[in-house]
Amino acid sequence: MRLETDRLVLDLHSVGDFEALHAMWSDPDTVRFLGGKVGSRQDSWMRLLRYRGLWALLGYGYWAVHEKVSGRFVGELGFADFHRPTEPSFEGIPEAGWVLAPWARGKGYATEALSAALGWLDGAGYPRSVCIIDPANAASLALAQKVGFGAPKTVHFGSEAITLFERVVG
């Protein structure tokens, strides 16, 4: 499922994305708000496989994002259903997620790519999506609001309280 914007190409992950994906997930600043643990090569490989599997099983998933002109790996974003043990549950609702390589931040790429992905999700007939964001992650909070996620509420993820945002179409 390929999408294009003015500056970006969103496509399924390929084996060729592995080294850049691993470099991104190995960066402590990248994972600061995403659990805080840098990924091993095996973790990154399993992530790449999981992204491809989402599409086959759910009909939606994550895209690898590249600059259109250079082909450089920008990051990844998309939708998943990770069956997170939350109360209340949001199983069955596409959960948006995004992460950019350090060099790609602050260029408007996340807004451009996420807007395209949400347009695709809307067109595919999914009237609702959610995302969870660390309250200290100001950049992601601003992005979520910019693309229409709102109505923050606290849900419980195991023993941890997290903030869930919702986007409803129509």
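Predicted model, so just to flag it, every value in this text is computed and none were measured.

Rules and cut-offs
- Residues numbered from 1 in each chain as written.
- Predicted model: local features only at pLDDT ≥ 70, side-chain atom pairs only at ≥ 80, totals over all residues.
- Heavy atoms only, no water.
- Axes fitted to C-alpha atoms, helices over the stretch in contact; angles between N-to-C directions.
- Helix = DSSP H or I, 4+ residues; strand = E, 2+ residues; numbered from the N terminus.
- Parallel < 35°, antiparallel > 145°, perpendicular 65-115°, else oblique.
- Left-handed = near helix turned anticlockwise from the far one by under 90°.
- Contact = heavy atoms within 4.5 Å.
- Core = buried A, V, L, I, M, F, W, Y, C linked by side-chain atoms within 4.5 Å.
- Buried < 20%, exposed > 50% of the residue type's maximum accessible area, 1.4 Å probe, protein only.

**Concerning the packing of helix α1 (residues 18-25) against helix α3 (residues 41-58)**
- Two elements in contact, α1 and α3, have axes whose closest approach is 9 Å; the angle formed by their N-to-C orientations is 120°. One element, α1, and the other, α3, form an angle in the oblique class. Relative to α3, α1 is oriented so that their crossing is right-handed. Residues Phe-18, Glu-19, Leu-21, His-22 and Trp-25 of α1 touch α3, and the partners they reach there are Arg-41, Ser-44, Trp-45, Arg-47, Leu-48 and Tyr-51.

**Some points on the side chain of Ser-129**
- Along the polypeptide, Ser-129 turns up in strand β7 (residues 128-133).
- The residues contacting Ser-129, other than those within four sequence positions of it, are Ile-93, Pro-94, Leu-118, Leu-121, Phe-149, Phe-165, Glu-166 and Arg-167.

**Considerations on the nonpolar core**
- Membership of the largest hydrophobic core comes to 29 residues, with the highest contact counts inside it found for Leu-10, Trp-63, Leu-77, Phe-79, Trp-98, Cys-131 and Phe-149.
- Contributions of two or more residues to this core are made by β2 (8-11), β3 (62-67), β4 (73-80), β6 (95-100), α4 (109-123), β7 and α5 (138-146).
- It is α4 that provides the largest number of residues to this core, a total of eight residues.
- Setting aside chain neighbours within four positions, we find Trp-98 in contact with Glu-76, Leu-77, Leu-114, Cys-131, Ile-133, Ser-140, Leu-143 and Ala-144.

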